[in-house]
Amino acid sequence: MADIQEILDQVEQLPHDWHICGSMSKQCLRAIVRLAGGRKIHHSVETGSGKTTLLFSHLSEDHKVFSLNDFAGAVNGSISCVKDSPLFNGATVEWIEGPTQRTLPKYEFQHKLQLALIDGPHGYPFPDMEYYYLYPHLDEGALLIVDDIHIATIGHLFDFLKEDDMFRLLEVVDKTAFFERTAAPLFDPYMDGWWQQNYNTRRFSTENTSDASAPRVAPYRGNVMKRAENLIWGPVRRRLRQMIPKSR
Ligand SMILES: C[S@@+](CC[C@H](N)C(=O)[O-])C[C@H]1O[C@@H](n2cnc3c(N)ncnc32)[C@H](O)[C@@H]1O
């Protein structure tokens with residue numbers, strides 16, 4: 001197996017514009033090796049591709065890359081330059097080529113992920129969309145790396161994650177945030193539940209709102225139907241109660 005420090009040294013020598021989409025800084029590449037190198041990465045994913053793919057091809061036993069080599073006919077080379085590089089370990093990598101907006105929603109992950117990097121399309125809401133399709137698959141202790149948090153909408157995702165129970169911020173290097181998945185239960189991707197998320201509850205003021213519309217964050221101890229009702233946001237719940245006559 002190749003020495004990851006040697007690979008890192010050589011990846012660092014590649015020019016910043018090795019492909020025209022731009023690459024992570026040397027400090028970030030080093031941080032990836034430092035934080036991921038000490039973990040067992042059986043399965044991992046990144047959106048976008050480039051120097052990071054060269055590193056992950058050595059750090060992970062099974063790395064999936066959701067990326068594009070060209071936009072609307074204009075070649076950016078971020079896949080071909082990786083595939084052509086002598087630093088690339090193709091044996092561990094699966095390419096899922098195409099817009100993540102199309103490929104991620106239909107991809108069926110078979111394993112928990114120990115690492116995910118979000119660095120594909122940067123326009124809103126694409127990183128959020130990628131987060132949605134990736135977070136349910138993150139293993140406890142997994143690294144979640146979010147690049148370009150200086151972009152306002154990605155900064156917002158960063159702010160949200162910093163406060164979420166499912167993640168612990170390990171560090172920020174340059175414009176890249178490194179989180180670790182905690183043991184907190186998975187936030188159900190098919191329900192609502194905005195009132196259970198720290199980022200919302202900490203900012204939700206009940207001062208100018210009637211009590212009736214306040215989020216219900218206390219655990220409910222009643223029967224199952226009541227508990228199910230409790231999962232519906234207050235105003236919607238009340239509207240439903242008006243529409244459905246009480247049978248109990
Ligand atoms: C900033 S580059 C990634 C750089 C890479 N992580 C590195 O450090 O070398 C952004 C990547 O996202 C890819 N990309 C842009 N829009 C995309 C889309 N809609 N779907 C998938 N990949 C996309 C680009 O082709 C490029 O590979």
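Preceding block: the structure.
Predicted model only: the values in this text are computed from it and were never measured.

A. Quick look at the overall build of the protein chain. Scanning the protein chain from N- to C-terminus turns up ten helices and nine strands. Considering only intrachain contacts with a sequence separation of at least 6, the fraction spanning at least 24 residues in the protein chain is 62%.

B. Seen up close, the site of the ligand. Taken together, 21 residues lie near the ligand, and Cys21, Gly48, Gly50, Ser78 and Pro121 sit nearest. Mapped by element, the contributors of at least two residues to the shell around the ligand are α3 (51-59), β2 (63-67) and α5 (100-106). Split by residue class, the shell around the ligand holds six nonpolar, 13 polar and two charged.

C. View of helix α2 (residues 26-37). The terminal C-alpha atoms of α2, which comprises twelve residues, lie 16 Å apart, in line with the 16 Å expected from a rise of 1.5 Å per residue. Listed in full, the buried residues belonging to α2 are Cys28, Leu29, Ala31, Ile32 and Ala36. The buried residues of α2 occupy an angular sector of 155° when the element is viewed end-on, so they sit on one face.

D. Structural context of the environment of Val33. With respect to the helices and strands, Val33 occurs in helix α2. Distance from Val33 to His58, taken between C-alpha atoms, is 9.9 Å for residues 25 residues apart in sequence. Those residues in contact with Val33 that sit more than four places away from it in its chain are Ile4, Leu8 and Leu55.

E. Spatial organisation of the packing of helix α1 (residues 4-13) against α3. At a closest axis distance of 10 Å, the pairing of α1 and α3 adopts a crossing angle of 170°. Taken together, the axis directions place α1 and α3 in an arrangement best described as roughly antiparallel. Facing Ile4, Ile7, Leu8 and Val11 of α1, the residues of α3 in contact are Lys51, Leu54, Leu55, His58 and Leu59. Per-class residue counts for the contact of α1 with α3 are seven nonpolar, one polar and one charged.

F. Molecular detail of the nonpolar core. Core analysis: the largest hydrophobic core is formed by 43 residues, its most contacted members being Leu55, Ala116, Leu144 and Val146. Sorting elements by how many residues they give to this core places strand β7 (residues 138-147) first, with six residues. When sequence neighbours within four positions are dropped, the list of residues in contact with Val146 reads Ile118, Ile154, Leu157, Phe158 and Ala177.

G. α3, seen in detail. Summarising burial for α3: nine of the nine residues are buried, a large majority. Those residues of α3 lying buried are Lys51, Thr52, Thr53, Leu54, Leu55, Phe56, Ser57, His58 and Leu59.

H. Quick peek at unusual backbone geometry. Tyr124 connects to Pro125 through a cis peptide bond whose omega is 5°. In this fold, Pro125 is placed in the loop between β6 (113-118) and α6 (126-134). Phi at Asp148 is positive, roughly 65°, even though this residue is not glycine. One can find Asp148 in the loop between β7 and α7 (152-163). A count of 20 C-beta atoms within 10 Å places Asp148 in the buried class. Positive phi outside glycine occurs at Asp174, with the angle close to 60°. One can find Asp174 in the loop between β8 (167-173) and β9 (176-181).

I. Layout of the packing of α2 against α3. The interhelical angle for the contact between α2 and α3, taken along N-to-C directions, is 20°, at an axis separation of 11 Å. Classified by the interaxial angle, the pair formed by α2 and α3 is roughly parallel. The handedness of the crossing between α2 and α3 is right-handed. Note on element contacts: α3 touches α2 through Lys51, Thr52, Leu55 and Leu59, opposite Leu29, Ile32, Val33, Ala36 and Gly37. Among the residues making up the contact of α2 with α3, the classes are represented as six nonpolar, two polar and one charged.

Definitions and limits used
- Residue numbers restart at each chain and count upward from 1, following the sequence in its written direction.
- Local features are withheld for residues below a pLDDT of 70 in this predicted model, meaning they are given only at 70 or higher, and side-chain atom pairs are given and counted only at 80 or more; totals for whole chains, interfaces and linings count all residues.
- Strands are runs of DSSP state E lasting at least 2 residues, helices are runs of H or I lasting at least 4, and numbering of each runs from the N terminus.
- What counts as a contact here is a pair of residues whose C-beta atoms, placed from the backbone, lie within 7 Å.
- Near, as applied to residues and a molecule or strand, means the residue's backbone-placed C-beta atom lies within 6 Å of it.
- Just so you know the grouping, Ala, Val, Leu, Ile, Met, Phe, Trp, Tyr, Cys and Pro go in nonpolar, Asp, Glu, Lys and Arg go in charged, and all remaining residues, Gly too, go in polar.
- For a helix, the expected span equals 1.5 Å multiplied by the number of residues minus one.
- Exposure classification rests on a simple neighbour count of other C-beta atoms within 10 Å of a residue's own: a residue reaching 20 or more is buried, one at 12 or fewer is exposed, and one in between is partly exposed. C-beta atoms are placed from the backbone.
- Arc, as used here, means the arc of the directions from the helix axis to the C-beta atoms.
- Each axis is a line fitted through C-alpha atoms, taken for helices only over the stretch in contact, and angles between the N-to-C directions span 0 to 180 degrees.
- Here roughly perpendicular refers to angles of 65 to 115 degrees, roughly parallel to angles under 35, roughly antiparallel to angles over 145, and oblique to all remaining angles.
- Take the buried Ala, Val, Leu, Ile, Met, Phe, Trp, Tyr and Cys residues, join any whose C-beta atoms are within 7 Å, and the set you get is a nonpolar core.
- In this scheme, a crossing is called left-handed if the near helix is turned counterclockwise away from the far one by less than a right angle; it is called right-handed if the turn is clockwise.

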